[in-house]
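Examination of the molecular architecture
Each chain, written out:
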Amino acid sequence: MLTVKTKSDLRQALHEARLAGHTIGLVPTMGNLHDGHLQLIRAAAADCQYTVASIFVNPLQFEKNEDLNNYPRSLESDMGLLAEAGCDLLIAPDNAEMYGTRSSMKTHIAVSGLTQNHCGKTRPGHFEGVATVVTKLFNLISPDQVYFGLKDYQQYRVIEQLIADLDFAIELNGLPTAREDSGLALSSRNSRLTSEQRRLAPVLYQQLQQTAELIRRGNQDFRRLESEASQSLAACGLKPDYFNICHAMSLEMACQHDKDLVILAAVFAGDVRLIDNVSLTI
Ligand code: PAF
């Protein structure tokens, strides 16, 4: 696997892959890789002839007082894992390479509608940061296929909309959430959980499944189900940020005639923010 730090080295490597007629798969990440990321790499390597990963902890998608500085970084071990999973090229730029000097970046990509609620409410500007960096990566790499995990369901929908609206000729692949045996969704943030928080964390997925089951059995009192789920998460020691039953495409709060649903949830275990979701059709 080749690792590059600059856009010009990236362009050079991609030029050679394209001359060889290779299809290009991209897996954007912020590093501290776990098996969920590696599943994306393996899927890209199976579908495409040349697999590119990016590792960039994107400051634009963190609020000032958020966990940018605490975000776990492990470039050396990530490189070994990527190579083993079949990645051909890693781009790991620093902030100056990605954005130039602080004041030089004037363009930001905002996807309206899908980004106001859920994580967008708690983390204003987050999805604008994601959409901006993802657009830059799409322009720099021009992949044929891109791979994202469905754990970040709202992010997935934002990227799906962005690809359609900005006419990127890219096929989007969303892979199911990778989980521990306990049901806890794999996340780079899990490494910051204490052993007590790690014991509590699987309750989030259990609650999502329980609520999904009540809906499948015919309960359509969505607002009541949301508030009962939040109360029960709090009673278990997790601090709910939101627990929302939504329309799977618009991400608006679900109404009774909606058939395709997604339950989106975020909780705090101490100061570690965990998100998860369950999709269902009724
Ligand atoms: O999901 C992530 O890790 C990040 O939001 C992404 C898509 C790599 C953009 O920084």
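Provided above is the structure to which this section pertains.
Residues numbered from 1 in each chain as written. Predicted model: local features only at pLDDT ≥ 70, side-chain atom pairs only at ≥ 80, totals over all residues. Heavy atoms only, no water.

Attention shifts here to the sheet that holds strand β8 (residues 260–269). A sheet is described by the order of its strands in space; here 3 strands give the open sequence β7-β8-β9, paired in antiparallel fashion. Here the strands that pair on one side only, and so sit at the sheet edges, are β7 (239–247) and β9 (272–281). For this sheet, the mean angle separating the axes of adjacent strands, direction not counted, is 10°. Bridge count between β7 and β8: 8 bridges; the pairing is antiparallel. Within β8, the position partnered with Ile 245 by the bridge is Ile 263. Taken strand by strand, helix α9 (residues 203–216) contacts β7, β8 and β9, and its axis lies near 25° from that of β9. (Pairing = 2+ DSSP bridges. Helix = DSSP H or I, 4+ residues; strand = E, 2+ residues; numbered from the N terminus. Axes fitted to C-alpha atoms, helices over the stretch in contact; angles between N-to-C directions. Contact = heavy atoms within 4.5 Å.)

All right, on to the layout of surface pockets then. Looking at the second largest pocket, its volume works out to about 260 Å³. Lining the second largest pocket are 17 residues; nearest its centre among them are Ile 55, Phe 56, Val 57, Arg 73 and Pro 93. Taken together, the residues that form the lining of the second largest pocket break down as 9 nonpolar, 4 polar and 4 charged. (1 Å grid on protein atoms, 1.4 Å probe; cavity = no way out; pocket = protein on both sides within 12 Å on 5 of 7 lines; lining within 4 Å. Points joined across faces, edges and corners; volume = space filled by probe spheres on them. Nonpolar A, V, L, I, M, F, W, Y, C, P; charged D, E, K, R; others polar.)

On to empty space enclosed by the protein. Inspection of the entire model under this criterion finds 3 cavities of 30 Å³ or more. Of the voids in this model, the largest cavity is the one considered here, and its volume is about 830 Å³. If you list the elements that add at least two residues to the lining of the largest cavity, you get β2 (24–29), α2 (35–47), α6 (126–141), β5 (145–149), α7 (153–165), β8 and β9. It is α6 that provides the largest number of residues to the lining of the largest cavity, a total of 6 residues. Here the residues of the lining of the largest cavity are counted per class, giving 24 nonpolar, 17 polar and 6 charged. The volume enclosed by the second largest cavity comes to roughly 70 Å³. Contributing to the lining of the second largest cavity are Lys 151, Gly 183, Leu 184, Ala 185, Ser 187, Asn 190, Ala 201, Leu 204, Tyr 205, Leu 274, Ile 275 and Asp 276. Elements represented by at least two residues in the lining of the second largest cavity include exactly α9 and β9. Its residues assigned to classes, the lining of the second largest cavity comprises 7 nonpolar, 3 polar and 2 charged.

Quick look at the nonpolar core now. One finds Val 52, Phe 138 and Ile 141 to be the most contacted residues of the largest nonpolar core, which totals 45 residues. For this core, the element with the most residues is α6, which contributes 9 residues. Each residue touching Phe 138, except ones within four places of it in the same chain, is listed here: Leu 26, Pro 143, Val 146, Phe 148, Ile 159, Leu 162, Ile 163, Phe 168 and Ile 170. Formed by 27 residues, the second largest nonpolar core is a distinct cluster that contains Phe 222, Leu 261, Ile 263 and Leu 274. (Core = buried A, V, L, I, M, F, W, Y, C linked by side-chain atoms within 4.5 Å. Buried < 20%, exposed > 50% of the residue type's maximum accessible area, 1.4 Å probe, protein only.)

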